[in-house]
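Structural features, examined
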Amino acid sequence: MTRGRGIRRSAALAVALGLGLSGSLVAGPAGAEDKEGPTVRWGACPEDVAAEAAPVVLECGTVPVPKDYADPGGDRIELMISRLASTDPGKRRGTLMLNPGGPGGSGLSQPAFLANRGIPSEVLDTYDVIGMDTRGIGRSAPVACGFTPEGPYFANIPPYAVDDAAVSARAKVVKEVAEQCARRDKDGVLRHLTTANTARDLDRIRAALGEERTSFLGYSYGTALGAAYASMFPERSDRIVLDSNIGDTHLDRDGMRRYALGVEQTFPDFARWAAARHDSYGLGRTPAEVRRTYFTLAERLDEKPVDGFDGNVLRQLTFGYLFKEVQYAKLAQQWQALKSGDTEAVRAPDAGGRAADTPQSLDNQLSVFLAVSCNDIAWPASVDTYRKGVAEDRARYPMFGAATANITPCAYWPYPPAEKPVAIDDEGPRNILLVQNLRDVPTPHVGGKLLRKKFADRSRLVSVDDSGHGVYVYGDNPCALNTTTQYLVDGKMPGKDTFCRAG
């Protein structure tokens, strides 16, 4: 693998994880309330999950669910879930289900990740914390379209389209991608990967755990899943925390285009950081100069790629590294190397501190992201629509808009949506706490405001003066941490929307 290919693969990993980046009910809950349903038999987790969770010890088990909820008596698939059980029966309230985002992110080790990261022990006492691989992911009937890091489809964000011809060229690629996914769907699971079906799975898991209600903590795309569950099963939702909201129960074209808004809103934080360190990195003495460096580098690499690096790779890397301030130094290092032409000095990113993903897991993540996004809602099919959108967003969001508005395989997806996207139910209990940074690349603050308006008095919004993707435990704002912990532990919902100043 060339150095450029390696960097491209790592860029894909940085983009593939945690997005939204990233799902009305036609029938009822499809038997999720069955009292005679399966129960979970807990045992040891797979070795790799146990190793990733260490030193925390998790239990794992499986829950059978219908492959197709329209045929509840038909084929079943097995979902693997994990548990970090409360050790204080006197404080235990119930279960707290987790979702890390994506769609496409594995969540089996997430209870341990949050514990190792320092989630307050009161939360761990209050709940059995439940992680899972949702349908199609990891050890839960995994799907794979056959994507490779070396192939033309290696990231769930389209490449930056420098002109109309680039959109037309990409249309040919993504049409073949959609056809490839259909050819690989031998067992028929791919077409049933939807946010609504995953929400139904959550309710099956709740029933298998013997709980009347469940709490939920979801990040990024996990907010769409949590919003869908709270809307489809309001009477069975307990305390719901939706962190870094995409703005609805599904990711659509408008939601993906908002990624470019997030770049424009977040990049000034990096630009100020880099300008203050100009003597070390040489990227510009002012934020304006750092921004110009970005465009200069990208345009130079567009015209003349170097050792596998082109302008799209630079833009994708920048997008992924803006997720957290802790990654700014690595981003500056790579810019510095590219600026000097020293591609040997460029270091492959580690996708935000995660262990290296295998080609198989990357294939799985990309395939699930596509299936859920395309199955949830119909995307425009006209290439002209995407050409127009790219031209609009290239001007509106010049840093990244011509990427996020570009055409995706959803334009040619072979499976029309089986049902409408889950409609937000604003008439349930007031139990939805929305948490959102003011500056966030894949889920800009407007996503929290959109969901707050849709849930109306069922929800409260906590807006945090911070930059990055993920707030609760992932960030370091004391106000946001305290407010969310108090809600999860004591049920104390803010009386009104809350603003948390920079911590």
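Residues numbered from 1 in each chain as written. Predicted model: local features only at pLDDT ≥ 70, side-chain atom pairs only at ≥ 80, totals over all residues. Heavy atoms only, no water.

1. A closer look at the pairing of strand β9 (residues 459-467)
- Most of β9 sits out of view: seven of its nine residues are buried.
- Where strand β8 (residues 432-439) and β9 come together, seven bridges link them in parallel fashion. Each residue of the ladder has a partner; that of V435, found in β9, is V462.
- In this fold, the crossover linking β8 to β9 by way of helix α16 (residues 446-455) has right-handed handedness.
- Across three bridges, the pairing between β9 and strand β10 (residues 498-500) is parallel. Counterpart to V462 in the pairing with β10 is T498. (Buried < 20%, exposed > 50% of the residue type's maximum accessible area, 1.4 Å probe, protein only. Helix = DSSP H or I, 4+ residues; strand = E, 2+ residues; numbered from the N terminus. Pairing = 2+ DSSP bridges. Right-handed = clockwise from strand over helix to strand, strands pointing away.)

2. Remarks on the packing of aromatic side chains
- A complete count under the given rule lists 18 aromatic pairs for this structure.
- Centre to centre, the rings of F319 and F323 are 5.5 Å apart; their planes meet at 75°, and the pair counts as edge-to-face. The residues F319 and F323 share a single accessibility class, namely buried.
- Here the aromatic residues F267, F270, W273, Y281, Y294, F295, Y328 and W335 are joined through ring pairs into a cluster of three or more. (Phe/Tyr/Trp six-rings, centres within 6.5 Å; stacked < 30°, edge-to-face > 60°.)

3. A word on the side chain of T318
- Mapped onto the elements of the fold, T318 is located in helix α11 (residues 311-321).
- For T318, a relative accessible area of 1% puts it in the buried group.
- In contact with T318, other than residues within four places in its own chain, are F267, Y294, L331 and W335. (Contact = heavy atoms within 4.5 Å.)

4. Side note on unusual backbone geometry
- Each neighbour pair has its own omega, and for A54 with P55 the value is 5°, a cis peptide bond.
- Mapped onto the elements, P55 comes out in the loop between α2 (47-53) and β2 (59-66).
- For S220, which is not glycine, the phi torsion reads 55° and is therefore positive.
- Tracing the chain through its elements places S220 in the loop between β6 (214-219) and α7 (221-232).
- Non-glycine residue D307 carries a positive phi angle of around 50°.
- Its place among the elements puts D307 in the loop between α10 (287-303) and α11.
- Overall, the relative accessible area of 38% leaves D307 in the partly exposed class.

5. A short note on the nonpolar core
- Counting residues in each nonpolar core, the largest one holds 108 residues, and the members touching the most others are L190, F267, F270, W335 and W413.
- In contact with F270, other than residues within four places in its own chain, are L283, V290, L322, Y328, L331, A332 and W335.
- In terms of nonpolar packing, the next biggest core, distinct from the first, is built from 34 residues, V49, M80, A480 and M493 among them. (Core = buried A, V, L, I, M, F, W, Y, C linked by side-chain atoms within 4.5 Å.)

6. A few points about the environment of F455
- Secondary-structure assignment places F455 in helix α16.
- Beyond its immediate stretch of four places on either side in the chain, F455 contacts A227, S231, I424, D425, D426 and I432.

7. What to know about the pairing of β2
- The pairing of strand β1 (residues 43-44) with β2 spans two bridges and is classified as antiparallel. Paired with A44 across the two strands is E59, which belongs to β2.
- Relative to strand β3 (residues 76-84), β2 runs antiparallel, the two sharing eight bridges. By the bridge assignment, T62 is partnered in β3 with M80.

8. Section: the sheet that holds β10
- The strand order across the open sheet built from 10 strands is β1-β2-β3-β5-β4-β6-β7-β8-β9-β10, with neighbouring strands paired in mixed fashion. The open sheet has two free edges, formed respectively by β1 and β10, since each of these has just one partner strand.
- Against the sheet, helix α6 (residues 195-208) makes contact with β2, β3, β4 (94-99), β5 (127-132) and β6, and its axis sits at roughly 120° relative to β2, the strand it touches most.
- Strands in contact with α16 are β7 (237-243), β8 and β9; relative to β9, the strand with the most contacts, it is inclined by about 175°. (Axes fitted to C-alpha atoms, helices over the stretch in contact; angles between N-to-C directions.)

9. Overview of the state of the cysteines
- In this structure the tally under the stated criterion is four disulfides.
- Across the disulfide, C45 is cross-linked to C60 (sulfur-sulfur distance 2.0 Å). Between C45 and C60 the disulfide shows an S-S torsion of about 95°. By sign, it is right-handed. Pair noted here: C45 is in the loop between β1 and α2 and C60 is in strand β2, with a separation of 15 residues, a long-range link. Across the pair, C60 and C45 agree in class, each one buried.
- Here C374 pairs with C410 through a disulfide, and the sulfurs are 2.0 Å apart. On the sign convention where negative is left-handed, the bridge of C374 and C410, at about -80° about the S-S bond, is left-handed. (Disulfide = S-S within 2.5 Å.)

10. Structural notes on the packing of helix α8 (residues 253-275) against α10
- Look at α8 against α10: their axes get within 8 Å of each other, and the N-to-C directions meet at 110°. Considered as vectors, α8 and α10 are oriented roughly perpendicular to each other. In the crossing of α8 with α10, the sense of the turn from one axis to the other is right-handed. On α10, the residues that touch E264, F267, F270, A271, R272, A274 and A275 of α8 are P287, V290, R291 and Y294. (Parallel < 35°, antiparallel > 145°, perpendicular 65-115°, else oblique. Left-handed = near helix turned anticlockwise from the far one by under 90°.)

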